[in-house]
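Next come the chains, spelled out residue by residue.
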Amino acid sequence: MKMFTQAEFNAMPIEAGIKQCPGGDYRNVDIANQRCSFGDGCSFEGCRFGDVCSFGAWCSFGKGCSFGEGCRFEGCSFGKGCSFEGEEAKEGQPYIAIDGAGSVARKSYFFNLKSGIRVRSGCFVGSLQEFRRKVLDDCEPMEIKALQYLGMANIAAVTFGYPEMVE
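Residues numbered from 1 in each chain as written. Predicted model: local features only at pLDDT ≥ 70, side-chain atom pairs only at ≥ 80, totals over all residues. Heavy atoms only, no water.

### Quick word on the packing of aromatic side chains
How two aromatic rings sit relative to each other is given by the distance of their centres and the angle of their planes. Under the convention used in this document: A pair of aromatic rings is counted whenever rings of Phe, Tyr or Trp (Trp by its six-membered ring) have centres within 6.5 Å, and the orientation is called stacked for planes under 30 degrees apart, edge-to-face for over 60 and tilted otherwise. Elements are defined by DSSP. Helices are runs of H or I of four residues or more, strands are runs of E of two residues or more, and each kind is numbered from the N terminus. Type-normalised accessible area, obtained with a 1.4 Å probe on protein chains alone, sets the label of each residue: buried when under 20%, exposed when over 50%, and partly exposed for intermediate values.
One pass over the structure, following the stated rule, counts seven aromatic pairs. With centroids separated by 4.8 Å and ring planes inclined at 20°, the aromatic side chains of Phe4 and Tyr26 adopt a geometry described as stacked. Of this pair, Phe4 sits in the segment before helix 1 (6-10) while Tyr26 sits in the loop between strand 2 (18-21) and strand 3 (36-38); the two residues are 22 residues apart in sequence, bridging distant segments of the chain. Classification of Tyr26 by relative accessible area gives buried; the value is 0%. Arranged with centres 5.8 Å apart and planes meeting at 85°, the rings of Phe110 and Phe131 form a pair that is edge-to-face. Taken as a pair, Phe110 in strand 14 (residues 106-113) and Phe131 in helix 2 (residues 128-138) lie far apart in primary sequence, 21 residues in all. Looking at Phe131, the relative accessible area reads 3%, which means it is buried.

Next up, the structure:
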């Protein structure tokens, strides 16, 4: 796997305001506060990423990784010490993303953090319990949108090992 230098990273092309980065090892590159799109097979250790980063399938992240708002992941795995939005993730599966719900087929993210499950869905950010309350405040309980979002919350609870949180 090619290990990129800071100079090589700085010279990578920018398309539509986003730096296009091929697969490779970026551990020696300062990526913070960049708008980047990383190709498949990238490797990161001890990296900090700014807002609006996207990563291809099979990216892996080592110790000390943290990610800002608006980051998108597809098929990635994360090492110990990774955090999402400033909170440390539990070991194992740190998040799930489910899309296609609601009137705009929104993607919702469920993060398995040491402090509990955190949800990001559209402009909503909060705990799993707050997410359920928001859904029921905004929708009728049997409305399809409510059933979708509440079902997603149950999937997250079971996936992360909290069967007692299924409602």
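### A closer look at the sheet that holds strand 14
Here is the rule: In this scheme, strands are said to pair when DSSP sees at least two bridges between them. Only the contacting stretch of a helix is used when fitting its axis, a line to C-alpha atoms as for every element, and angles between N-to-C directions run 0 to 180 degrees. By the convention used here, residues are in contact when the closest approach between their heavy atoms is within 4.5 Å.
Across the sheet, four strands lie side by side as 13-14-15-16; this open sheet has antiparallel pairing. If you trace the sheet from one side to the other, it starts and ends with strand 13 (95-101) and strand 16 (124-127), each paired once. Pairs of neighbouring strands in the sheet enclose a mean axial angle of 15°, with direction left out of account. In this fold helix 2 packs onto strand 14, strand 15 (116-121) and strand 16, with an angle of close to 125° to the strand it touches most, strand 16. Sitting on the sheet, helix 3 (residues 144-159) is in contact with strand 13, strand 14 and strand 15, with an inclination near 160° to strand 13.

### Topic: the side chain of Asn154
We count it as follows: Counting of polar contacts relies on pairs of N or O atoms within 3.5 Å, with two restrictions inside protein: one atom must be capable of donating a hydrogen and the other of accepting it, and residues adjacent in sequence are counted only when both atoms are side-chain atoms.
Mapping Asn154 onto the fold places it in helix 3. Among the polar contacts listed, one links the side chain of Asn154 to the side chain of Arg132, at a separation of 2.7 Å. Leaving out residues up to four positions away in the same chain, Asn154 has contacts with Arg132, Met165, Val166 and Glu167.

### Digging into the pattern of salt bridges
To be explicit about the condition: One side-chain nitrogen of Lys or Arg within 4 Å of one carboxyl oxygen of Asp or Glu is enough to make a salt bridge.
Using the criterion set out here, one finds five salt bridges in the structure. One salt bridge in this structure joins Lys2 and Glu8, with 2.9 Å as the shortest N-O distance. Between Glu88 and Lys114 there is a salt bridge whose closest N-O contact spans 3.3 Å. Of the two residues, Glu88 is situated in strand 12 (residues 87-88) and Lys114 in the loop between strand 14 and strand 15; the sequence distance between them amounts to 26 residues.

### As for the pairing of strand 13
Sheet analysis places strand 13 next to strand 14, joined by six bridges and oriented antiparallel. Residue pairing across strands places Asp99 opposite Lys107, the latter belonging to strand 14. Once strand 13 ends, the chain turns through four residues before running back antiparallel as strand 14, passing Gly102 with a positive phi of about 75°.

### Some remarks on the confidence of the model for the protein chain
The following threshold applies: The predictor attaches a confidence to each residue, called pLDDT, with possible values from 0 through 100.
Overall, the predicted model of the protein chain reaches an average pLDDT of 81, with 77% of residues at or above 70. Across the protein chain, helix 2 holds the top mean pLDDT of 95, while strand 9 (residues 72-73) sits lowest at 63.

### Quick word on the packing of helix 2 against helix 3
Packed helices, taken two at a time, are described by their axes: the angle between them and the distance between them. Stated precisely, the cut-off is as follows: Here is the rule for angles: anything less than 35 degrees is roughly parallel, anything more than 145 is roughly antiparallel, 65 through 115 is roughly perpendicular, and the remaining ranges are oblique. Following the grouping adopted for this structure description, the nonpolar residues are Ala, Val, Leu, Ile, Met, Phe, Trp, Tyr, Cys and Pro, the charged ones are Asp, Glu, Lys and Arg, and the polar ones are all others, Gly among them.
It is at 9 Å that the axes of helix 2 and helix 3 come closest, and there the two elements cross at 170°. It follows that helix 2 is roughly antiparallel to helix 3 by the angle criterion. Contacts between helix 2 and helix 3 involve Leu128, Phe131, Arg132, Val135 and Leu136 from the former and Ala146, Tyr149, Leu150, Ala153, Asn154 and Ala157 from the latter. Classifying every residue of the contact of helix 2 with helix 3 by side-chain character gives nine nonpolar, one polar and one charged.

### A look at helix 2
To be explicit about the condition: Of all possible arcs, the one meant is that of the directions from the helix axis to the C-beta atoms.
Listed in full, the buried residues belonging to helix 2 are Leu128, Phe131, Arg132 and Val135. All buried residues of helix 2 fall inside an arc of 100° around its axis, so they share one side. Counted as exposed and oriented over 90 degrees from the buried face of helix 2: Arg133 and Asp137.

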